[in-house]
Every structure is written in structure tokens, then in C-alpha cells.
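Residue strings, one per chain:
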Amino acid sequence: FFSSSMLAVAAAGVTRLIANGGKMRLLCGAQLSEEDVEAIRKGHSDLESILALNMTRTYRAIPESTFVQKRLEALAWLVGTGQMEIMVVLPTDKHGHPLPASKTESYYHPKEGMFTDAEGNQVGFSGSVNESATALEDNYESFMVFNSWDSSPAHLKQIQIKFDKLWEGREKDWIAVPVPEAVKLEL
């Protein structure tokens, strides 16, 4: 989910990305309340405004350390230069309207990604590792890494297909919307 702590985790290791002029696309989940969805349906507000309000409220949490603050500053710079794009993924009803969290058990929560270098080499990952004390000490977690130079290109292809379908709005029962401008300004 979109939060300052999520962004801080995503910012780990972006120094090389910045230095090499790389680009990052990030999908993150969010949840809407019944009031949010009702305001959108009645035309009192639009999805971008509701997301902006919810996301800026969530983002404003004070970073727990200077280290986290510096990571967030790096991401803000990436967003400002266009090297990073963020889309918010929400579940939808049969008409394509976003669902409130109380009306669905679905939410966007995968931990998958792919890195591609200038030569086209790829490393992908997929797993359920959460960065919390409970996850590290008590949960049953899983994490797999794949690369393009051995026998795992098929796994990489599946990660890419799922990501692209969401990013491009072609995934049934889900929408992906750009992070609102107000949130970018807050960053």
C-alpha cells in the first residue's frame, strides 16, 4: 500500500538507478472507504481527488529516521524528473467502478518486480516477504528470484505480462490510475 514506509522500502538501492539514468515504474495498492466510493458515484468528488486526499494523509507520516527521510527524498527527486512513475491499483465492480474496502476481500498486494539493464539482462522476483517483526519472526514467507540468463525466462515473462496488464488497464476487475498530481507535489 502507498505509504512513506512503502516508498522508503522501494527506494532502497536507487542510487545506481539514478546514476545510470534508469527508470522505475511502481504499482501500489490503496483502499477506499464506502464514503469515498459514494462521493465518486454521486459526482461529489472524483477518484483523483479522493486518492489525493487519502494518499497525502498516509504519506505525511513522519519518517522514523534520517535514513528513511533521505530515501524518500531520492524517490521524490525521481518522481520530479519523470524517472519514476507510480500507479495505484484498485479492485472494481462489474461496471469498472472502484470498490470500497468493506465490500471486497481483494486488494493489490503482490511483491513482484523486474530489473532490466542496458544490455537487456533481467532479474525478477516474486514473493510474500513483508518487512515487519511479525513477518520476519512468525510468518511463513516465500521469496523467489529469477534471471534471464538461465532457465527462468518464462517466470520473468509472467511477471512482465501481469505488470503490463495492470499498468495498461487491461486486467479484468482492476484499475490502475496514476498517482494524483497533488501527491506528486506532496512528495
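Since the model is a prediction, treat every value here as computed from it, not as a measurement.

Cut-offs applied
Just so you know, the residues in each chain are numbered from 1, in the order the chain's sequence is written. Only residues with pLDDT of at least 70 get local features here, since the model is predicted, and only at 80 or more are side-chain atom pairs given and counted; chain-wide, interface and lining totals rely on the full set of residues. For side-chain calculations, the full set of non-hydrogen atoms in the structure is used, while hydrogens and water are omitted. Runs of H or I in DSSP of at least four residues are treated as helices and runs of E of at least two as strands, each being numbered from the N terminus. Each residue is placed in one exposure class: buried if its accessible area under a 1.4 Å probe, protein chains only, is under 20% of its type's maximum, exposed if it is over 50%, and partly exposed if it falls in between. Contact criterion: two residues are considered in contact whenever any of their non-hydrogen atoms come within 4.5 Å of each other. For the accessible areas, the method is Shrake-Rupley and the probe is 1.4 Å, while residue cover comes only from the protein chains on display. A strand pair is defined by DSSP finding two or more bridges across the two strands. A fitted line through C-alpha atoms represents every axis, and for helices the fit uses only the stretch in contact; the resulting angles, taken between N-to-C directions, go from 0 to 180 degrees. By this rule, a helix spans an expected 1.5 Å times one less than how many residues it contains. Here, the arc refers to the directions that run from the helix axis to the C-beta atoms. Residue types Ala, Val, Leu, Ile, Met, Phe, Trp, Tyr and Cys, when buried and joined through side-chain atoms within 4.5 Å, form a set referred to as a nonpolar core. A residue's pLDDT is the predictor's confidence in that residue, given on a scale from 0 to 100. Salt-bridge detection follows one rule: a side-chain nitrogen of Lys or Arg within 4 Å of a carboxyl oxygen of Asp or Glu.

Of the regular secondary structure elements, the chain holds eight helices and six strands. Ordered by position in the sequence, the α and β elements of the chain form the string α-α-β-α-α-α-β-β-β-α-β-α-β-α. With 187 residues in all, the chain has 39% of them scored as buried. Long-range pairs, those at least 24 residues apart, make up 64% of the contacts in the chain between residues at least 6 apart in sequence. Surface exposure of the chain reaches about 11,500 Å², of which carbon and sulfur atoms provide 53%.

Further remarks concern the sheet that holds strand β5 (residues 143-147). If you trace the three strands from one edge of the open sheet to the other, you get β3-β4-β5, paired in antiparallel fashion. The outermost strands of the open sheet, each flanked by one partner alone, are β3 (111-116) and β5. Taking each pair of neighbouring strands and ignoring which way they run, the sheet shows an average axis angle of 10°. Direction of pairing for strand β4 (residues 122-127) relative to β5: antiparallel, over a ladder of five bridges. In the strand pairing of β5, phenylalanine 125 is matched with valine 145.

So, about helix α7 (residues 153-167). Since the α-helix turns once every 3.6 residues, residues separated by three or four places project in the same direction. For α7, which comprises 15 residues, the first-to-last C-alpha distance of 21 Å matches the rise-based estimate of 21 Å (1.5 Å per residue) to within 8%. If you check which residues of α7 are buried, you get Leu156, Ile159, Phe163, Asp164, Leu166 and Trp167. Each buried residue of α7 lies within a common arc of 160° when the element is viewed along its axis, so the set occupies one face. In α7, those exposed residues whose orientation departs by more than 90 degrees from the buried face are Ala154 and Lys157.

The next subject is the sheet that holds strand β2 (residues 84-91). Strand order in the open sheet formed by three strands is β1-β2-β6, and the pairing between neighbours is mixed. Whereas interior strands pair on both sides, the edge strands pair on one side only; in this sheet they are β1 (24-29) and β6 (174-178). Geometrically, the sheet is characterised by an average inter-axis angle of 30° between neighbouring strands, direction not taken into account. Sheet analysis places β2 next to β6, joined by five bridges and oriented antiparallel. Note on β6: the bridge partner recorded for leucine 90 is isoleucine 175. Along the sheet, α7 makes contact with β1, β2 and β6, crossing β1 at roughly 75°.

Inspection of the secondary structure assignment puts phenylalanine 115 in strand β3. Remark: the alpha-carbon pair of phenylalanine 115 and leucine 156, spanning 41 residues in sequence, is separated by 9.9 Å. Setting aside residues up to four positions removed in sequence, phenylalanine 115 forms contacts with Asn121, Gln122, Val123 and Phe125.

By size, the foremost hydrophobic cluster in this structure holds 27 residues, and its most contacted members are Leu32, Leu51, Met84 and Val88. Among the secondary structure elements, those contributing two or more residues to this core are α2 (14-19), β1, α3 (34-41), α4 (47-59), α5 (66-81) and β2. A per-element tally of this core places α4 first, with five residues. With sequence-adjacent residues up to four places away left out, leucine 32 is seen in contact with Val37, Ile40, Leu47, Ile50, Leu51, Asn54, Leu90, Pro98, Leu99, Pro100 and Ala101. Within the second largest apolar cluster, eight residues are counted, among which are Leu27, Met87, Val89 and Trp167.

We now examine the confidence of the model for the chain. Model confidence for the chain is summarised by a mean pLDDT of 80, while 85% of its residues fall at 70 or above. In the model of the chain, helix α6 (residues 133-137) stands out as the element of lowest mean pLDDT, 63, in contrast to α7, which has the highest, 92.

Now for the pattern of salt bridges. Evaluation of the coordinates by the stated rule reveals four salt bridges. A salt bridge links glutamate 112 to lysine 162; the nearest nitrogen and oxygen atoms lie 3.1 Å apart. Placement of the pair is glutamate 112 in strand β3 and lysine 162 in helix α7, with a sequence separation of 50 residues. Of the residues examined, lysine 162 reaches a relative accessible area of 40% and is grouped as partly exposed. Residues lysine 172 and aspartate 173 are paired through a salt bridge, measuring 3.5 Å at the closest nitrogen-oxygen approach. For lysine 172, a relative accessible area of 64% translates into the label exposed. You can call aspartate 173 partly exposed: its relative accessible area is 38%.

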